[in-house]
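# Analysis of the macromolecular model
The residues making up each chain are set out below.
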Amino acid sequence: MTNNLSISPLRTAISAQIAFLLTHADLKYAFIFFIAFDMPLNSAVRQCVAENLSLFEGKTDHLYLDNQGYPTIGIGHCIANLDVFLQLPMVRIADGQTATKQQKIAEYQNIKQKPQGYKADWYAAFCQLRLPEAAINQIHQQQLNKFHQELRHVFQRSRGYSCDFEQLPSPVQIALFDLVYNVGSTNLQHKWPKLHQAIKQQDWHEAAKQSSRKGIQAARNEHIQSLFLSAGGHTSPKLFAKQTKKASRHRRHHSLLKKTLSYIVNKGLLVLLRKVFR
């Protein structure tokens with residue numbers, strides 16, 4: 001077990017993440033997250049970010065319009081223009097064959113003209129093309145790499161922060177990944193002055209307050225706020241009361257996993273998970 005688990009803020013962040021996954025997701029995500037925290041810290045943060053984005057952004061293999069009206073595909077991947085869409089390895093839904101340039105142009109123009117404000121699934125009826133899952137995952141990893149570099153560029157000691165991005169508390173790194181993925185690096189860098197000031201002062205209560213966004217799920221805002229609050233290791237993350245419905249087997253495992261959660265986090269006994277998931 002890595003020594004990183006002995007760090008109080010990280011243990012608190014783990015508790016926050018697992019509590020969220022137990023409340024809002026299938027148990028398989030909690031299992032994946034436990035395994036991730038047996039990895040080095042950077043890998044653990046990356047895995048946590050990937051799971052969060054999959055939950056909040058969803059994974060959609062066809063083109064749709066997000067709540068701002070931008071063409072989007074995959075795990076919240078915004079398509080800046082037609083040229084970007086033409087580079088994607090789209091295939092025809094009907095026969096799985098590679099889509100032609102003309103078919104891609106027709107698909108993009110068709111969806112772009114549809115009204116915004118609907119869920120991603122609503123646009124499926126108008127789509128003739130889809131993006132293979134392997135391509136979705138590859139694009140997602142490329143996006144994570146891109147945003148990681150941009151976060152490292154913004155959050156530097158030389159810019160007045162107490163440390164570089166890699167030295168920020170793990171829950172803060174996770175929260176900032178979610179923000180930059182959602183609003184973009186330029187927006188995050190220039191339009192969130194109060195958040196940046198709070199981070200420079202390591203005022204995590206104020207950072208939690210300033211991280212709130214409009215136009216996203218309330219649960220997403222609450223989760224990111226809880227990550228900032230957990231950074232100091234003093235405030236217990238807010239647990240979400242509403243439970244999702246699960247199959248009978250998952251309900252039994254859910255109860256057992258909740259009872260053993262604190263013990264696993266503090267002792268690092270991942271072997272107990274094998275008993276939970278039998």
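These remarks concern the structure in this document. (Residues numbered from 1 in each chain as written. Predicted model: local features only at pLDDT ≥ 70, side-chain atom pairs only at ≥ 80, totals over all residues. Heavy atoms only, no water.)

## Some details on the overall build of the protein
- The secondary structure content of the protein amounts to 13 helices and five strands.
- Residue burial in the protein is summarised as follows: out of 278 residues, 46% are buried. (Helix = DSSP H or I, 4+ residues; strand = E, 2+ residues; numbered from the N terminus. Buried < 20%, exposed > 50% of the residue type's maximum accessible area, 1.4 Å probe, protein only.)

## Notes on the pairing of strand E2 (residues 71–74)
- In the sheet, strand E1 (residues 60–65) pairs with E2 via three bridges, with the strands oriented antiparallel. Note that in E2 the partner of Leu65 across the bridge is Pro71.
- Between E1 and E2, which pair antiparallel one after the other, the connecting turn spans five residues, and Gly69 there sits at a positive phi close to 90°.
- Judged from the two bridges that link them, E2 and strand E3 (residues 77–78) form a sheet pairing that is antiparallel. Bridged to Ile73 within E3 is His77.
- Between E2 and E3, which pair antiparallel and follow one another directly, the connecting turn spans two residues, one of which, Gly76, has a positive phi of 65°. (Pairing = 2+ DSSP bridges.)

## As for the packing of aromatic side chains
- Tallied over the full model, the rule gives eight aromatic pairs.
- With a centroid separation of 5.8 Å and an interplanar angle of 35°, the aromatic rings of Phe85 and Tyr108 are classed as tilted. Taken together, the residues span a long stretch of sequence, with Phe85 in helix H4 (residues 82–86) and Tyr108 in helix H5 (residues 101–112) at a distance of 23 residues.
- With a relative accessible area of 6%, Tyr108 lands in the buried category.
- Ring geometry for Phe155 against Phe165: centres 6.4 Å apart, planes inclined by 40°, an arrangement best described as tilted. You can see Phe155 sitting in the loop between helix H6 (133–154) and helix H7 (170–183) and its partner Phe165 sitting in the loop between H6 and H7, a full ten residues away along the chain.
- Residue Phe155 is classed as buried on the basis of its relative accessible area, which comes to 1%.
- Three or more aromatic residues link up through ring pairs in this structure, and these residues are Tyr118, Trp122, Tyr123 and Phe126. (Phe/Tyr/Trp six-rings, centres within 6.5 Å; stacked < 30°, edge-to-face > 60°.)

## Overview of the pattern of salt bridges
- For the coordinates displayed, the defined rule picks out seven salt bridges.
- For Asp95, the salt bridge goes to Arg92, with nearest N and O atoms at 2.9 Å.
- Accessibility expressed as a relative area gives 42% for Asp95, which makes it partly exposed.
- On the basis of relative accessibility, which here comes to 23%, the residue Arg92 falls in the partly exposed class.
- When the shortest N-O distance is used, the salt bridge between Glu166 and Arg152 registers 3.5 Å. Of this pair, Glu166 sits in the loop between H6 and H7 while Arg152 sits in helix H6, and the two are 14 residues apart along the sequence. (Salt bridge = Lys/Arg side-chain N within 4 Å of Asp/Glu carboxyl O.)

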